[in-house]
Amino acid sequence: EAGVAQSPRYKIIEKRQSVAFWCNPISGHATLYWYQQILGQGPKLLIQFQNNGVVDDSQLPKDRFSAERLKGVDSTLKIQPAKLEDSAVYLCASSLVGGWSTDTQYFGPGTRLTVL
Amino acid sequence: EDQVTQSPEALRLQEGESSSLNCSYTVSGLRGLFWYRQDPGKGPEFLFTLYSAGEEKEKERLKATLTKKESFLHITAPKPEDSATYLCAVRSSGGYQKVTFGTGTKLQVIP
């Protein structure tokens, strides 16, 4: 079974530039998550989709971050404009159902973003 | 607000030297406690889910246990390939059952 795919794996940009990350979840998984992991910290949830609808974006900095999940499959996370503190690894995860205690999240390899 | 605290932050063991990692949590209604392993440059890899106090799960040299306030990940006779960061996370009953992660324990096993 193919895992969660993410691209690019690495990205270096200047502050105030824009950047976009792509995620393809495990086939058949209805729920998709984007996490931000700053060096030395645990992942922090940015946004959670159930199919193509947003169910939790309470920790997404909406003035600069946006995300969409078209057709309930692939997802894109965008940062515009980027700040130095956005330097982190952006992880995408997917789960079969979402919101159930038995539901397990499976993670992609992440995209390491460096903002100079 | 849900909180997860992991200790120690880092642990260095000799090969074969057994030890335990701790995960303390406060959550509004526990709906699951997860352990993940994360290697450098990779995403977290799922290890275990525990649901209720007293539950135990094992996988090779790893054994996870759960009480009402904390979870332990016991590592028996570790090998160098067990070196990684181990993350603990909890799912709460509130909202959309959000998952909250701890900061992890970085384990190094020396041959």
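So, how was this worked out
- Residues numbered from 1 in each chain as written.
- Chains lettered and ligands numbered in written order.
- Predicted model: local features only at pLDDT ≥ 70, side-chain atom pairs only at ≥ 80, totals over all residues.
- Heavy atoms only, no water.
- Contact = heavy atoms within 4.5 Å.
- Salt bridge = Lys/Arg side-chain N within 4 Å of Asp/Glu carboxyl O.
- Polar contact = N/O pair within 3.5 Å; in protein donor to acceptor, adjacent residues only side chain to side chain.
- Helix = DSSP H or I, 4+ residues; strand = E, 2+ residues; numbered from the N terminus.
- Buried < 20%, exposed > 50% of the residue type's maximum accessible area, 1.4 Å probe, protein only.
- Pairing = 2+ DSSP bridges.
- Axes fitted to C-alpha atoms, helices over the stretch in contact; angles between N-to-C directions.

Bringing the interface of chain B and chain A into the picture now. The partner chain A presents 25 residues to the 20 residues of chain B that form the contact. Between chain B and chain A we count zero salt bridges in total. Counting the contacts that link chain B with chain A gives three residue pairs in polar contact (both at pLDDT 80 or more). The leading source of residues in the side of chain B that touches chain A is strand 4 (residues 30–38) of chain B, at four residues.

Residues and elements named next belong to chain B. The alternating pattern of strand 8 (residues 70–75) places Ser 71, Leu 73 and Ile 75 on a buried face and Glu 70, Phe 72 and His 74 on a face that is not buried. Pairing analysis gives six bridges linking strand 3 (residues 19–26) to strand 8, with the strands arranged antiparallel. Considered in strand 8, the bridge of Ser 24 is made with Glu 70. In this structure, strand 7 (residues 62–66) lies alongside strand 8, joined through five bridges in antiparallel fashion. By the bridge assignment for strand 8, Leu 62 is matched with Ile 75. Between the end of strand 7 and the start of strand 8, which pair antiparallel, lie three residues.

With that out of the way, let us pick up the sheet that holds strand 3 (residues 19–24) of chain A. Residue and element names in this part refer to chain A. Read across the sheet, four strands follow the order 1-3-8-7 without closing on themselves; strand pairing throughout is antiparallel. The strands lining the two open edges of the sheet, one partner per strand, are strand 1 (5–7) and strand 7 (65–68). Sheet twist, expressed as the mean angle between neighbouring strand axes with direction ignored, is 15°. Where strand 3 and strand 8 (residues 75–79) come together, five bridges link them in antiparallel fashion. What sits directly across from Phe 21, in strand 8, is Leu 77.

The values reported here are purely geometric and, on their own, carry no functional implication.
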